[in-house]
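Summary of structural features
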Amino acid sequence: MGSSSLSKSNFSSTEFMAQAIEQAFFSLGVSSPNPAVGAVIINHGSIVGVGNTQPVGSAHAEIMALRDAGDKAQGSEMYVTLEPCSHQGRTPPCVESIISAGIKSVHYAVRDPYDQVNGRGHSMLENAGIEVHVGECEKAVLDQLGGYFKYIKTGLPLVTVKYAASLDGKIASSSGDSHWVSGHETLLWAHKKRPTYDAIIVGSNTVVIDNPQLTARPNNPDGPVDLDVHQPVRIVVDSRGKVDSNSRIFIGDQKSIVVTTELSSKQWRDGIENTGAEVLKLPLYEDTQSISRVDLKALIEMCGQRGMHNILFEGGGVLLGSLFDRQLVDKVHAIIAPIIIGASTAPSAIAGYGATSMNEVTSLQQVEIQPLGNDFLITGVPEWNSPLH
């Protein structure tokens, strides 16, 4: 939880909600399967309490903010990113604590679509004589809670794909060297984003070639694992059992899962389990080129069953190509570096079956472009123009 001393200035209503959104950021990847929510409490124009949702089974954002504010909550205003809960779950209803604390008005950005809330929190607050305001910074919160909203609707996490490529679309040289395609600012950005995900997923080739740690090191990407920040689950997709049990992805206390199929040997699976990693056999999926691999839809369903809201696929090209071929991608982060690699044998960012004609290409909507040093981050939502292969 952040400190209530982060600001004592007079803000506008929108700026107070922005402070709540900033608090919610600290819960991304931490609070699942509960939504990542932030709250601030305002007394006479100053922030007297802040809070964000703690790990599942612990306090919600509103309770953390009330504890932070103490007696100053009486007669104050609360700004919270999501409608306060009205039901008894692992913790008591937040609305009851808000009412008991003497909060005079509540501002929330978005109604909670969960069927045990969905307007009930709003009604309980109004029935208790509390003013309720809805909709400030709605778009920002809808984006921040995109994984939660998809999870509530479908039981599946939001699937984000990230890759860094050269101007000619390559992710490594012809020898396989990929250190580094993008620059230092991109590395900093990537490590600041990693703690917001429930899991980071890569293919076996990425582990064999790059031997990554897949840890979050937002304060120093070149340093040791930052144990003070959330560490996503590390998942390797390895259909045939290629990954070495001495790989760096199995080092440390962070949870690792290797997803495989019946094509891998029991001896190999036993060796991976001896590292402390979980080995999970999933069904085979045969693509249009008659190649059998892990069923990625089953993998995504498994993540949803474990309460994950946001998962990140980081490569390589075969894995990402399979995701695009099956139209399983919700969001794209493409980092384009101003370099030319060339070579027809250099690996591309996206492999797979792909489009057979230009009217079948996948286009990005809601595109945003952000400079990261000399690189450019292109973010968008896929629009599928071809039939599902």
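Everything below is about the structure printed above this text.
As the structure is a prediction and not an experimental result, all values here were calculated from the model.

Quick look at the nonpolar core now. One finds Ile41, Leu66, Met78, Ile98, Ile103 and Val106 to be the most contacted residues of the largest nonpolar core, which totals 43 residues. In terms of residue count, helix α2 (residues 61-69) provides more of this core than any other element does, six residues in total. Apart from the residues within four sequence positions on either side, Ile98 is in contact with Glu62, Leu66, Met78, Pro84, Ile103, Val106, Leu125 and Ile130.

Another point: the layout of surface pockets. A volume near 1,000 Å³ is recorded for the second largest pocket. In terms of lining, the second largest pocket is formed by 30 residues, of which the most central are Asp143, Gln144, Lys193, Lys331 and Thr379. Of all elements in the fold, only α1 (13-25), α5 (138-144), α6 (146-154), β6 (158-165), α7 (184-193), β14 (331-336), β15 (363-372) and β16 (375-383) reach the threshold of two or more residues within the lining of the second largest pocket. By residue class, the composition of the lining of the second largest pocket is 11 nonpolar, 11 polar and eight charged.

Attention now moves to empty space enclosed by the protein. Counted by the stated rule, this structure contains two cavities of 30 Å³ or more. When its volume is computed, the largest cavity comes out at roughly 50 Å³. Around the largest cavity, the lining comprises 13 residues; the ones closest to its centre are Leu28, Ala36, Leu145, His309 and Asn310. Among the residues making up the lining of the largest cavity, the classes are represented as five nonpolar, eight polar and no charged. If you trace the second largest cavity, you find it lined by Lys162, Trp189, Ala190, Lys193, Arg194, Tyr197, Leu312, Glu314 and His333. Counting only elements with at least two residues in the lining of the second largest cavity, the list comes to α7 and β13 (310-315). With three residues, α7 is the largest single contributor of residues to the lining of the second largest cavity. Along the lines of polarity and charge, the residues of the lining of the second largest cavity split into four nonpolar, one polar and four charged.

So, on to a nonpolar patch on the surface. A contiguous nonpolar surface patch, about 300 Å² in accessible area, is contributed by Val367, Ile369 and Phe376. Note that Val367 resides in strand β15.

Cut-offs and rules
- Residues numbered from 1 in each chain as written.
- Predicted model: local features only at pLDDT ≥ 70, side-chain atom pairs only at ≥ 80, totals over all residues.
- Heavy atoms only, no water.
- Core = buried A, V, L, I, M, F, W, Y, C linked by side-chain atoms within 4.5 Å.
- Buried < 20%, exposed > 50% of the residue type's maximum accessible area, 1.4 Å probe, protein only.
- Helix = DSSP H or I, 4+ residues; strand = E, 2+ residues; numbered from the N terminus.
- Contact = heavy atoms within 4.5 Å.
- 1 Å grid on protein atoms, 1.4 Å probe; cavity = no way out; pocket = protein on both sides within 12 Å on 5 of 7 lines; lining within 4 Å.
- Points joined across faces, edges and corners; volume = space filled by probe spheres on them.
- Nonpolar A, V, L, I, M, F, W, Y, C, P; charged D, E, K, R; others polar.
- Patch = residues over 30% accessible without salt bridge, like charges linked within 9 Å, V, L, I, M, F, W, Y side chains within 5 Å.
- Areas by Shrake-Rupley, 256 points an atom, 1.4 Å probe, with all protein chains shown as cover.
- Salt bridge = Lys/Arg side-chain N within 4 Å of Asp/Glu carboxyl O.

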